[in-house]
Amino acid sequence: MNLVESLLHALKDHGAHEIFGIPGDFALPYFRIIEESQILPLYTLSHEPGVGFAADATARMRGGLGVAAVTYGAGAFNMVNAVAAAYAEKSPVVVISGGPGKGEASSGLLLHHQAKTLDSQLQIFKEITCDQVKLDDAARAPADIARVLASCLRNSEPVYIEIPRDMVREECAPVVREAPRAIDRDALAACVDEILGRLDVAKTPVLMAGVEVRRFGLEEKVADLSRRLGLPVVTSFMGRGLLTDCDAPLVGTYMGVAGLPDVTQLVEGSDGLFLLGEIISDTNFAVSETRIDLRKTIQAHNGQVTLGYHMYANIPLAELVDEMLARVKASADKAFSVAPHQYPRGLVADAETIAPTDIAKAVNDLFAEHGKLPIASDIGDCLFTAMEIEQTALLAPGYYATMGFGVPAGLGLQATSGQRPLILVGDGAFQMTGWELGNCKRYGWDPIVLLFNNASWEMLRTFQPESGFNDLGHWGFAEMAAGLGGDGVRVSTRAELKAALDKAIATRGRFQLIEVTIPRGVLSTTLARFVAGVKRISMK
Ligand SMILES: Cc1ncc(Cc2c([C@H](C)O)sc(CCOP(=O)(O)OP(=O)(O)O)c2C)c(N)n1
Ligand SMILES: [Mg+2]
């Protein structure tokens, strides 16, 4: 077996299901082996940011590893932002880059695609990955690959693998998975004792499920644990979509001043807030009505548990949840029932213009009639609108907040799960990566795309209305769909929106782009609450 085949088998063995990529001359040799070996399916896209976002989405949607394959220099550097997003949001993406062969590295010439030194790329990716390797020694390669892929899964963070292009066909032994790292069982037991003790004395304990619960495949177990403990469950803004298909007492999404008052009160009034797998970020906690004293919370994330002023190191989330389940038996007297939140429905299909919350109503009506679709959302008001849509699987960069994620993530979602996605994207973000829809026809993907066209960087305008640079003008997105291989329609009234969604859900095999004209300055209910809340807090 050659070195690339050994890597591909290892990727599959560690949970990769497909590869997204764009080749280059430094990558052609290893792409050839991907293509001829058929070990993992390869999907090529048009721009490396899309490759990174799509690979990230496959890991978020299905678990396991996402794989983004690129060429050296221009390709890899083009993907830095998407990998940074995956790192920030703890998504296990394996970055594979072709690289200069060992012979050419010593040619004394500056190589094309080289930035500063030949190692600059590796150095830059060290800042946004948890482990790295350059496969320049076939004898060492199996152990190096095992180490790096184990790091990727253990930390749920991206890793970087560079393949010198003259190494790809070197004979290489199969990769043997690293043994799981041992943990201190006594420390784990003491930690669980302390957590259960804290929760037991709390009058209003609450469990907040964060993204690590999904990343480590723990949703069902966490739902079971919350029922046994009799804890109401909320998700953070980033964690929206978690536990959707589980039998958990899920109250809603905590968004501080921008969220539902009863959820905000439940979280901010709790004397036992258990943050499980949560990223302690500003988008999750900075807009609290009453500042949450994080020192009084129980925080389990990044492989450690913090209670008050002390911390238990090396407590993997999966081990913690398993140990708690082993200690807490089901107890009917702690059963906790939650009145399901009523999301807006019943769009009036009339000649009125469309507000983002009308879009949420139309989608909720569609879900009620045809069943739910998983959602991939970009950032902007489309993501705030997603908070008004029924709970469903949701992929979105809710913390790192990069634009451009939505469309490629929807393609990755459909490629890895086979499910038809609903993509929510603003006009500004669509201008960045929306063109990846042109790849749908080759692969038979047929997302439904709701393009929120307010002809503006509206989120920026809400905070700086005096700036004219937020005006984007009207692009004819609907007319462009046909040229990209899909169907496009522009809608300006609520009746047109309903008709367009009815047609889209009934049409398979071609992407359906619905360009929704939204009057300038009209925000979703959630974003309006967020802006008012942030302004109110900033004046305190
Ligand atoms: C890659 C990238 N570039 C710039 C930004 C800054 C930024 C926002 C965040 C705050 O940093 S929100 C926003 C405007 C988004 O416009 P659009 O997609 O049309 O959505 P909407 O009109 O609903 O705002 C920008 C430019 C970003 N988040 N990501
Ligand atoms: Mg916009």
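- The name given to the protein chain in an unreviewed UniProt entry is Indolepyruvate/phenylpyruvate decarboxylase, with Aromatoleum evansii as the source organism.
- Listed in UniProt under the heading Sequence similarities (unreviewed entry), the comment for the protein chain reads: "Belongs to the TPP enzyme family."

**Digging into unusual backbone geometry**
Here comes step 1: Backbone geometry places Asn 314, a non-glycine residue, at a positive phi of 50 degrees.
Here comes step 2: Position of Asn 314 among the secondary structure elements: in the loop between β13 (310-312) and α14 (317-327).
Here comes step 3: Using a relative accessible area of 46% as the deciding quantity, one classes Asn 314 as partly exposed.
Here comes step 4: A positive phi angle, near 60 degrees, is found at Ala 401, a position not held by glycine.
Here comes step 5: Counting through the fold element by element, Ala 401 comes out in the loop between β15 (394-395) and α17 (406-417).

**As for the packing of aromatic side chains**
Here comes step 1: If you walk through the whole model with that rule in mind, you get 15 aromatic pairs.
Here comes step 2: Geometrically, the ring pair formed by Tyr 43 and Tyr 443 is edge-to-face, given 4.9 Å between the ring centres and 90 degrees between the ring planes. Here the residue Tyr 43 occupies a position in strand β2 (residues 42-44), and Tyr 443 occupies one in helix α19 (residues 440-443), the gap between them amounting to 400 residues.
Here comes step 3: Tyr 443 sits in the partly exposed class, given a relative accessible area of 24%.
Here comes step 4: One aromatic cluster is present, formed by Phe 20, Tyr 43, Tyr 443 and Trp 445 through successive ring pairs.

**Quick word on a nonpolar patch on the surface**
Here comes step 1: A cluster of nonpolar side chains, contributed by Trp 435, Trp 475 and Met 480, occupies part of the molecular surface with about 250 Å² of accessible area.
Here comes step 2: Mapped onto the elements of the fold, Trp 475 is located in the loop between α20 (458-463) and α21 (477-483).
Here comes step 3: Owing to a relative accessible area of 34%, Trp 475 belongs among the partly exposed residues under this scheme.

**Considerations on the site of ligand 1**
Here comes step 1: Taken together, 17 residues form the shell around ligand 1, and within it Asp 381, Ala 401, Asp 427, Gly 428 and Met 459 come nearest.
Here comes step 2: Within the backbone of Ala 429, an N or O atom sits 2.9 Å from an oxygen atom of ligand 1.
Here comes step 3: A distance of 2.8 Å is found between an oxygen atom of ligand 1 and a backbone nitrogen or oxygen belonging to Met 459.
Here comes step 4: Contact with the protein chains removes 76% of the 640 Å² of surface that ligand 1 exposes when unbound.
Here comes step 5: Those elements giving two or more residues to the shell around ligand 1 turn out to be α18 (427-433) and α20.
Here comes step 6: Class assignment of the residues belonging to the shell around ligand 1 gives a composition of eight nonpolar, six polar and three charged.

Calculation notes
- Residues numbered from 1 in each chain as written.
- Chains lettered and ligands numbered in written order.
- Predicted model: local features only at pLDDT ≥ 70, side-chain atom pairs only at ≥ 80, totals over all residues.
- Heavy atoms only, no water.
- UniProt positions renumbered as here; feature names shortened; annotations may be inferred.
- Helix = DSSP H or I, 4+ residues; strand = E, 2+ residues; numbered from the N terminus.
- Buried < 20%, exposed > 50% of the residue type's maximum accessible area, 1.4 Å probe, protein only.
- Phe/Tyr/Trp six-rings, centres within 6.5 Å; stacked < 30°, edge-to-face > 60°.
- Patch = residues over 30% accessible without salt bridge, like charges linked within 9 Å, V, L, I, M, F, W, Y side chains within 5 Å.
- Areas by Shrake-Rupley, 256 points an atom, 1.4 Å probe, with all protein chains shown as cover.
- Salt bridge = Lys/Arg side-chain N within 4 Å of Asp/Glu carboxyl O.
- Near = heavy atom within 4 Å.
- Polar contact = N/O pair within 3.5 Å; in protein donor to acceptor, adjacent residues only side chain to side chain.
- Nonpolar A, V, L, I, M, F, W, Y, C, P; charged D, E, K, R; others polar.

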